[in-house]
Amino acid sequence: MRTYKGIRKFDLICRDMQSKGMRVDSTDFDKGGDFAYFKGAWHGLPWTIMYNTFNGHFSVYNGFTGEQIATHMSTEFDNEPWYVDLMNTLYEKETEN
């Protein structure tokens, strides 16, 4: 089980998301809001990731249908490479057992 000690700095998250091919929509954040959106193909899947910059919570949505796929509380994806990569992009890793 992986544990995380907190959320990463937003500018680092944005840089990493862009380097992984995701578009960053920080319109709400730039206006003083708490949300940013990452859109594109995450591990080859067309997703929109809604990220709360204040508390680090996130939701992953199908980019075509809008259906919610996962959240920061999802445990069924703990061993899925795309989910591990997302968690490691958004949070500072503490330990791995």
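Residues numbered from 1 in each chain as written. Predicted model: local features only at pLDDT ≥ 70, side-chain atom pairs only at ≥ 80, totals over all residues. Heavy atoms only, no water.

Chemist: Before we go on, may I ask you to explain the packing of aromatic side chains in this structure?
Modeler: Within a pair of aromatic rings, the relevant descriptors are the distance that separates the centres and the angle that separates the planes. Going through the model one piece at a time under the given rule, you end up with 9 aromatic pairs. On the basis of an interplanar angle of 50° and a centroid distance of 6.1 Å, the ring pair of Phe 58 and Tyr 83 is categorised as tilted. With Phe 58 in strand β5 (residues 58-62) and Tyr 83 in helix α3 (residues 81-90), this residue pair connects regions lying 25 residues apart in the sequence. Of the two residues examined, Phe 58 and Tyr 83, each falls in the buried class. Seen from their ring centres, Phe 77 and Trp 82 are 5.0 Å apart, and the 55° between their planes marks the pair as tilted. For Phe 77, a relative accessible area of 17% puts it in the buried group. (Phe/Tyr/Trp six-rings, centres within 6.5 Å; stacked < 30°, edge-to-face > 60°. Helix = DSSP H or I, 4+ residues; strand = E, 2+ residues; numbered from the N terminus. Buried < 20%, exposed > 50% of the residue type's maximum accessible area, 1.4 Å probe, protein only.)

Chemist: I tried to follow the pattern of salt bridges on my own but got confused; where do I start?
Modeler: Between side chains of opposite charge, a pair can form as their charged atoms come close. In total, this model carries 4 salt bridges according to the counting rule given. For the salt bridge of Arg 15 with Asp 16, the shortest nitrogen-to-oxygen distance reads 3.2 Å. In this structure Arg 15 comes out as partly exposed when scored by relative accessible area, which is 48%. The exposure class of Asp 16 is buried, given its relative accessible area of 16%. (Salt bridge = Lys/Arg side-chain N within 4 Å of Asp/Glu carboxyl O.)

Chemist: Sorry, what's going on with the side chain of Arg 8 here?
Modeler: When you line up the elements, Arg 8 lands in the loop between β1 (2-7) and α1 (10-19). If we skip the residues at most four places from it in the chain, Arg 8 touches Ile 13, Arg 15, Asp 16, Tyr 51, Asn 88, Thr 89, Leu 90, Tyr 91 and Glu 92. (Contact = heavy atoms within 4.5 Å.)

Chemist: Help me out: how do you make sense of the side chain of Ser 59 in this one?
Modeler: Relative to the helices and strands, Ser 59 resides in strand β5. With a relative accessible area of 10%, Ser 59 lands in the buried category. Of note is the side chain of Ser 59, whose polar atom sits 3.2 Å from the side chain of Gln 68. (Polar contact = N/O pair within 3.5 Å; in protein donor to acceptor, adjacent residues only side chain to side chain.)

Chemist: For this particular structure, what's the right way to read the nonpolar core?
Modeler: Side chains that are nonpolar tend, in soluble globular proteins, to be buried together. Ranked by internal contacts, the top residues of the largest apolar core, which has 21 residues, are Met 17, Phe 38, Trp 42, Ile 49, Phe 58, Leu 86 and Leu 90. For this core, the elements supplying multiple residues, two or more each, are α1, β3 (35-42), β4 (45-52), β5 and α3. When residues in this core are grouped by element, the largest group, 5 residues, is from α3. For Ile 49, the residues in contact, after removing those within four places along its chain, are Met 17, Met 22, Ala 36, Tyr 37, Phe 38, Trp 42, Phe 58, Ser 59, Val 60 and Leu 86. (Core = buried A, V, L, I, M, F, W, Y, C linked by side-chain atoms within 4.5 Å.)

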